[in-house]
Amino acid sequence: MTAPARAHTSAELIRAEEPVLAHTYHPLPVVIARAEGAWVEDVEGRRYLDMLAGYSALNFGHRHPALIEAAHRQLDRLTLTSRAFHNDRLAGFAEGLAALTGLDMVLPMNTGAEAVESAVKVARKWAYEVKGVPDGRATVVVAENNFHGRTTTIVGFSTDPVARGGFGPFTPGFRVVPYNDLAALERAVDDTTAAVLIEPVQGEAGVIVPDDGYLRGVRELTRRAGCLFVADEIQSGLGRTGRTLAVEHEGVLPDLVLLGKALGGGIVPVSAVVGRRDVLGVLRPGEHGSTFGGNPLAAAVGAAVVDLLETGEFQRRATELGVVLREGLEALVGKGVVGFRARGLWAGVDVDPALGTGRTIGERLLHEGVLVKDTHGATIRLAPPLTVTADELGDALQALGKVLGREG
Ligand SMILES: *Cc1c(COP(=O)(O)O)cnc(C)c1O
């Protein structure tokens with residue numbers, strides 16, 4: 001009989017990754033082994049409050065019972081068919097998602113970057129077939145400091161030198177304008193413009209909330225100019241800001257909405273382009289696709305996510321807890337916090353650089369049992385599961401106050 005396998009420690013597992021795992025991330029030194037709700041547990045059994053929630057992929061918390069049940073039920077019946085055949089889960093998922101967003105049609109994909117790529121293809125095709133842009137001339141206008149994913153086309157229109165450096169040559173056909181600047185957008189849009197692609201709140205840039213009126217302005221401008229408004233709601237959507245979509249804060253509906261992250265319920269990657277029939281309808285069989293897009297397991301989980309959002313409970317929680325978050329952060333301004341931006345249960349917090357980088361603050365919070373992630377420099381992002389309690393949120397803010405009150 002062989003000896004029982006020895007349990008690995010966190011330190012051993014971190015060391016074991018180094019030679020065999022591409023170094024695309026610099027994770028905080030915690031090795032998570034299980035999780036439930038807003039809490040995760042490391043291999044030594046220490047518990048941490050998750051204030052990142054998988055960059056909003058875990059809006060409903062870890063292993064939400066309704067989502068886990070939907071996944072289990074589907075695992076026992078059917079997991080993958082490919083789109084060569086129909087499956088019995090896809091119609092319900094697409095119907096539910098279209099109704100939830102107020103749009104007509106769904107193009108199911110897997111990751112967020114794929115949804116963005118798909119929207120660029122749809123917008124270009126629409127520009128040639130419907131708008132009448134001369135072949136090969138279509139442009140897409142995007143914003144500075146955008147984050148839309150990691151594929152070669154997408155990093156080509158990133159303005160982050162780390163994201164794009166060394167990965168060219170890049171796909172032509174994109175124009176970059178400052179975010180939250182309608183005059184600059186107006187100047188960039190012309191007869192070749194297929195679409196304006198923006199995040200309604202810029203997540204990776206540090207939870208940048210545009211001025212009131214910006215999203216309405218983008219809607220009016222794109223309508224007037226005869227181009228599409230594409231909203232990347234992959235991080236801002238599905239309850240995070242207190243609404244199903246962040247664009248609802250200004251009462252506008254884009255032509256295409258990109259969803260991902262929380263759409264997979266923290267279980268499987270599920271993304272989608274949701275849009276008007278006259279736009280998504282330009283794609284015909286064979287022109288676009290994905291082996292896994294719309295698979296029965298993804299559709300079952302996605303439909304269960306839609307069911308959760310239909311109740312409005314999570315949007316309400318994000319709004320109510322957002323007040324707790326905002327008040328807690330206001331109390332820290334001048335006490336280590338230089339400033340912050342928040343919308344719903346989502347905040348970008350600028351820490352006094354004299355107290356440390358976002359990274360070192362994250363390391364200190366880890367020791368206090370709170371998981372956060374820095375974005376740029378001395379900015380940390382707070383985005384707990386929408387299932388977090390007000391008390392847990394208060395504890396996390398208290399821990400933040402404590403590590404900021406201490407000298408680095
Ligand atoms: C995370 C994210 C993406 C990319 O999603 P992946 O699933 O990582 O490819 C695109 N846009 C926004 C706004 C995001 O936050």
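Residues numbered from 1 in each chain as written. Predicted model: local features only at pLDDT ≥ 70, side-chain atom pairs only at ≥ 80, totals over all residues. Heavy atoms only, no water.

The name an unreviewed UniProt entry gives the chain is ornithine aminotransferase, with Streptomyces ruber as the organism. UniProt's Pathway (unreviewed entry) comment on the chain is quoted here verbatim: "Amino-acid biosynthesis; L-proline biosynthesis; L-glutamate 5-semialdehyde from L-ornithine: step 1/1." (UniProt positions renumbered as here; feature names shortened; annotations may be inferred.)

Enquirer: What should I look at first to understand the site of the ligand in this one?
Expert: Surveying the vicinity of the ligand reveals the residues T111, G112, A113, F147, H148, G149, E199, D232, I234, Q235 and K261. One of the backbone N or O atoms of F147 is found 3.4 Å from a nitrogen atom in the ligand. Between the ligand and the protein, one listed contact pairs an oxygen atom with a side-chain N or O atom of K261 at 2.6 Å. In isolation the ligand has 380 Å² of accessible area, and contact with the protein removes 81% of it. Among the residues making up the shell around the ligand, the classes are represented as three nonpolar, five polar and three charged. (Near = heavy atom within 4 Å. Polar contact = N/O pair within 3.5 Å; in protein donor to acceptor, adjacent residues only side chain to side chain. Areas by Shrake-Rupley, 256 points an atom, 1.4 Å probe, with all protein chains shown as cover. Nonpolar A, V, L, I, M, F, W, Y, C, P; charged D, E, K, R; others polar.)

Enquirer: Would you take a moment to explain the pairing of strand β15 (residues 379–382) for this structure?
Expert: Residues T379 and R381 point to one face of β15 and I380 and L382 to the other, with burial holding for every one of them. Across four bridges, strand β12 (residues 347–351) lies against β15 in antiparallel orientation. Note on β15: the bridge partner recorded for A347 is L382. Where strand β14 (residues 373–374) meets β15, two bridges bridge the pair, whose relative direction is antiparallel. Residue pairing across strands places D374 opposite I380, the latter belonging to β15. Taking the residues between adjacent antiparallel strands as the criterion, β14 and β15 are bridged by four residues, where G377 takes a positive phi near 50 degrees. (Buried < 20%, exposed > 50% of the residue type's maximum accessible area, 1.4 Å probe, protein only. Helix = DSSP H or I, 4+ residues; strand = E, 2+ residues; numbered from the N terminus. Pairing = 2+ DSSP bridges.)

Enquirer: Would you mind going over the sheet that holds strand β11 (residues 337–342) with me for this structure?
Expert: Taken in spatial order, the four strands line up as β11-β12-β15-β14 in an open sheet, and their pairing is antiparallel. Strands at the two margins of the open sheet, each flanked by one partner only, are β11 and β14. Relative to the sheet, helix α12 (residues 313–330) contacts β11, β12 and β15, its axis offset from that of β11 by approximately 165 degrees. Against the sheet, helix α13 (residues 358–367) touches β12, β14 and β15, its axis set at about 50 degrees to β15. (Contact = heavy atoms within 4.5 Å. Axes fitted to C-alpha atoms, helices over the stretch in contact; angles between N-to-C directions.)

Enquirer: Would you mind going over the pattern of salt bridges with me for this structure?
Expert: A side chain of one charge can pair with a side chain of the opposite charge if their charged atoms are brought near each other. Within the structure shown, the criterion is met by 21 salt bridges. A salt bridge links D88 to R77, with the nearest nitrogen and oxygen atoms 3.2 Å apart. Here the residue D88 occupies a position in the loop between α3 (65–75) and α4 (90–101), and R77 occupies one in the loop between α3 and α4, the gap between them amounting to eleven residues. By relative accessible area, which is 51% here, R77 ends up exposed. The salt bridge partner of E368 is K402, with a shortest N-O separation of 3.0 Å. Residue E368 is located in the loop between α13 and β13 (370–371), and its partner K402 is located in helix α14 (residues 390–405); the two are separated by 34 residues in the primary sequence. (Salt bridge = Lys/Arg side-chain N within 4 Å of Asp/Glu carboxyl O.)

Enquirer: Whenever I open this one, the packing of aromatic side chains confuses me. Can you help?
Expert: Geometrically, a pair of aromatic rings is defined through the distance of the ring centres and the angle of the planes. Summed over all chains, the structure comprises three aromatic pairs. Geometrically, the ring pair formed by F60 and F314 is edge-to-face, given 5.0 Å between the ring centres and 90 degrees between the ring planes. Residue F60 is located in the loop between α2 (53–56) and α3, and its partner F314 is located in helix α12; the two are separated by 254 residues in the primary sequence. Ring centres of Y179 and Y214 lie 5.4 Å apart, and the angle between their planes is 65 degrees; on these two criteria the pair is classed as edge-to-face. (Phe/Tyr/Trp six-rings, centres within 6.5 Å; stacked < 30°, edge-to-face > 60°.)

Enquirer: It is not clear to me how empty space enclosed by the protein should be interpreted in this structure. Could you clarify?
Expert: Over the atoms rolls a probe the size of a water molecule, and in doing so it shows where empty space is left. Taken as a whole and judged by the stated rule, the model has two cavities of 30 Å³ or more. The computed volume of the largest cavity comes to approximately 40 Å³. Forming the walls of the largest cavity are V116, A119, V120, A123, V140, A195, L197 and V230. If you list the elements that add at least two residues to the lining of the largest cavity, you get α5 (112–131) and β7 (193–198). Sort the elements by how many residues they give to the lining of the largest cavity and α5 lands first, with four residues. Looking at the lining of the largest cavity residue by residue, the class counts come to eight nonpolar, no polar and no charged. Estimates place the volume of the second largest cavity at around 30 Å³. A per-element tally of the lining of the second largest cavity places α14 first, with three residues. Looking at the lining of the second largest cavity residue by residue, the class counts come to eight nonpolar, no polar and no charged. (1 Å grid on protein atoms, 1.4 Å probe; cavity = no way out; pocket = protein on both sides within 12 Å on 5 of 7 lines; lining within 4 Å. Points joined across faces, edges and corners; volume = space filled by probe spheres on them.)

Enquirer: Can you help me understand α3 in this one?
Expert: Every α-helix winds through 3.6 residues per turn, so residues three or four apart in the chain are directed the same way. Of the positions making up α3, those classed as buried are L67, A70, A71 and Q74. Along the axis of α3, the buried positions cluster into a sector of 95 degrees, meaning they face one direction only. Those residues of α3 that are buried are in contact with α11 (296–310). (Arc of directions from axis to C-beta.)

Enquirer: I would appreciate a short explanation of the domain arrangement of the chain in the present structure.
Expert: Quite often, the size of an interface is put as the accessible area lost when its parts meet. Taken domain by domain, the chain consists of domain 1 (10–63 + 313–403) and domain 2 (65–310). Here the C-alpha centre of domain 2 lies 26 Å away from the C-alpha centre of domain 1. Between domain 1 and domain 2, the contact holds 28 residues from the first and 30 residues from the second. In total, domain 1 and domain 2 occlude about 2500 Å² of area from one another, counting both sides; carbon and sulfur atoms represent 58% of this. The tally of links from domain 1 across to domain 2 stands at one salt bridge. In this structure, R381 engages E204 in a salt bridge whose closest nitrogen and oxygen atoms are separated by 2.9 Å. Of all the elements in the fold, those that place two or more residues in the side of domain 1 that touches domain 2 are α2, α12, β11, β12 and β15. No other element matches the four residues that α12 contributes to the side of domain 1 that touches domain 2. A breakdown of the residues in the side of domain 1 that touches domain 2 according to their chemical character gives 15 nonpolar, nine polar and four charged. (Domains from an automatic or database assignment. Buried area = accessible area lost by both parts, 1.4 Å probe.)

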